[in-house]
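As a plain string of letters, each chain reads:
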Amino acid sequence: MRLNVQTDYALRLLMQLAVSGDRLVTIQNVSETYHISRNHLMKVAYLLGKHGLVETVRGRSGGLRLARPAEKIMVGEVVRRMEPDFALVECLHADGCECIIENACKLRGALVQATAAFLDVLDRKSLADLTASNRQLAAMIGA
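Residues numbered from 1 in each chain as written. Predicted model: local features only at pLDDT ≥ 70, side-chain atom pairs only at ≥ 80, totals over all residues. Heavy atoms only, no water.

Visitor: Help me understand a nonpolar patch on the surface in this model?
Guide: Nonpolar side chains collect at one region of the surface, where Met1, Leu3 and Leu88 lie side by side and expose about 250 Å² of accessible area between them. Mapped onto the fold, leucine 88 is located in the loop between α4 (75-82) and α5 (107-123). Residue classification places leucine 88 among the partly exposed positions, given a relative accessible area of 40%. (Patch = residues over 30% accessible without salt bridge, like charges linked within 9 Å, V, L, I, M, F, W, Y side chains within 5 Å. Areas by Shrake-Rupley, 256 points an atom, 1.4 Å probe, with all protein chains shown as cover. Salt bridge = Lys/Arg side-chain N within 4 Å of Asp/Glu carboxyl O. Helix = DSSP H or I, 4+ residues; strand = E, 2+ residues; numbered from the N terminus. Buried < 20%, exposed > 50% of the residue type's maximum accessible area, 1.4 Å probe, protein only.)

Right under this line is the structure:
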């Protein structure tokens, strides 16, 4: 399974906000920290705000912070909100399949189970689990 770039950026942004505590963090700061596009981060921050994960403060001394405590933000929730779908193969797409072996194939069921197991693990990990007491991470991202 592979997560899209938007999900990767969302998780990195959230981790930086978690490590930063109540301090506001700017898109520019996150962009410089991770060496990623400011424009991409703005889109990600917008989506995270829309989903109630990030709070934005406008103005000259504005920035971003977590909308909820890091303990209440589960990685599985973030991944589900940022990923458009989990269709690893054609038969998992919601709009149908043209595979000739679809009715006899047992791969689909295995992939559905594998995806559920993947998300189950992420549902048990909070943002705090990834960041709390992680001094090395805090030092690396300048928090």
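Visitor: Which parts of the structure should I look at to understand the pattern of salt bridges?
Guide: It is possible for side chains of opposite charge to pair when their charged atoms get near one another. Taken as a whole and assessed by the stated rule, the structure comprises six salt bridges. Here arginine 12 makes a salt bridge to aspartate 8, at a shortest N to O gap of 2.8 Å. You can see arginine 12 and its partner aspartate 8 sitting in helix α1 (residues 5-20), four residues apart, about one turn around the helix. Of the residues examined, arginine 12 reaches a relative accessible area of 23% and is grouped as partly exposed. The shortest N-O distance in the salt bridge between arginine 81 and glutamate 77 comes to 3.2 Å. In this pair, arginine 81 and glutamate 77 are both assigned in helix α4, four residues apart and thus about one turn of the helix distant. Residue classification places arginine 81 among the partly exposed positions, given a relative accessible area of 40%. Taken together, the shared-partner salt bridges connect Arg68, Glu77 and Arg81 into one network.

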